Amino acid sequence: MKLRETNNLMGEKSQTKRIIQLTIVGGLFIFILYRSYQADNLFAPFFYIILGVLEIILLSNVIPENFKIFKKHKNIYNLFPILLASFIILFTLGLYLYYENLENSKTYIHASGNGLIIDLKEDGKYIIKSGSWGGRTHHYGNYKINDSIIFLDNKKFGKINISDQLKQGKIYIDNEKISDNVLFQIKENKIIENTDWFYIN
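Residues numbered from 1 in each chain as written. Predicted model: local features only at pLDDT ≥ 70, side-chain atom pairs only at ≥ 80, totals over all residues. Heavy atoms only, no water.

S.K.: What am I meant to see in the pattern of salt bridges here?
M.R.: Side chains bearing opposite charge may pair, as long as their charged atoms lie close to each other. Evaluated as defined, the whole model comprises one salt bridge. In this structure, Asp119 and Lys121 form a salt bridge, with 2.8 Å as the shortest nitrogen-oxygen distance. Note on accessibility: Asp119 and Lys121 belong to one class, buried. (Salt bridge = Lys/Arg side-chain N within 4 Å of Asp/Glu carboxyl O. Buried < 20%, exposed > 50% of the residue type's maximum accessible area, 1.4 Å probe, protein only.)

Structure below.
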């Protein structure tokens, strides 16, 4: 009887240990993945490799061992690590697919200037990146077009303030022989003086 109680206690401790390990490693992987879509991180691939290997090792041990224990004891609690592992995998996959679909959806206008990279998607969403290379912050939101004016749902991106109304136009160079397509910052359908424009790529 004492031997059985001792084995049960050891099994519960092992179970708790697996749950803690899965939560820490899986939580860190999800956090780093999420942060990589919020800001540039040159070291993210390095963390993905380390945490990914740890997660694979954990899952390869947890799933078969706990399934074996469940078949032996028929205790639903023994399935919890497997359910937790499944949740971590599905949540990570869902997070990845959501942002990848957003990043790779068709672009309506792509422009840059004044420390911003503006990516207006055809579905009415935008991704605007502020800052310098290697440390850009990603901003997500929505826009709408009314009478050829682009209305953004925000006008502050990081430390950079712009008008929340943009309009396509041209600037002419070299006695109007060369022109560039740009986005002007406007207000009340008039170009705001002394503001930067964004070159359409």
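What follows continues from the structure just given.
S.K.: Honestly, a nonpolar patch on the surface in this entry has me stumped. Any pointers?
M.R.: Among the surface-exposed residues, Leu42, Phe43, Phe46, Phe47, Ile50, Leu54 and Trp133 lie close enough to one another that they form a single nonpolar patch of about 800 Å² accessible area. On the secondary structure map, Trp133 appears in the loop between strand E3 (125-130) and strand E4 (137-146). (Patch = residues over 30% accessible without salt bridge, like charges linked within 9 Å, V, L, I, M, F, W, Y side chains within 5 Å. Areas by Shrake-Rupley, 256 points an atom, 1.4 Å probe, with all protein chains shown as cover. Helix = DSSP H or I, 4+ residues; strand = E, 2+ residues; numbered from the N terminus.)

S.K.: In this structure, what is going on with the packing of aromatic side chains? I would like to understand it.
M.R.: When we look at a pair of aromatic rings, we describe it by the centre distance and by the angle of the planes. Under the definition given, this model contains seven aromatic pairs. Both rings, one in Tyr37 and one in Tyr99, keep their centres 4.8 Å apart while their planes meet at 10°; by these two values the pair is stacked. A residue pair is termed long-range when its members are at least 10 positions apart, and Tyr37 in the loop between helix H1 (2-36) and helix H2 (44-73) and Tyr99 in helix H3 (residues 80-104) qualify at 62 residues. Of the two residues examined, Tyr37 and Tyr99, each falls in the buried class. Chaining the aromatic ring pairs together yields one cluster made of Tyr34, Tyr37, Tyr98, Tyr99 and Tyr140. (Phe/Tyr/Trp six-rings, centres within 6.5 Å; stacked < 30°, edge-to-face > 60°.)

S.K.: Help me out: how do you make sense of the pairing of strand E5 (residues 149-152) in this one?
M.R.: If a strand is regular, its side chains alternate between the two faces of the sheet. Note that E4 and E5 share four bridges and pair antiparallel. If you follow Asn146 over to E5, its bridge partner there is Ile149. The loop that links E4 with its antiparallel partner E5 comprises two residues; one of these, Asp147, has a positive phi angle of about 55°. Bridging between E5 and strand E8 (residues 165-173) involves three bridges; their strand directions are antiparallel. By the bridge assignment for E8, Ile150 is matched with Leu166. (Pairing = 2+ DSSP bridges.)

S.K.: It is not clear to me how the side chain of Thr92 should be interpreted in this structure. Could you clarify?
M.R.: Following the sequence through the fold, Thr92 ends up in helix H3. Using a relative accessible area of 13% as the deciding quantity, one classes Thr92 as buried. When residues no more than four places from it in sequence are discounted, the contact partners of Thr92 are Phe29, Ile30 and Leu33. (Contact = heavy atoms within 4.5 Å.)

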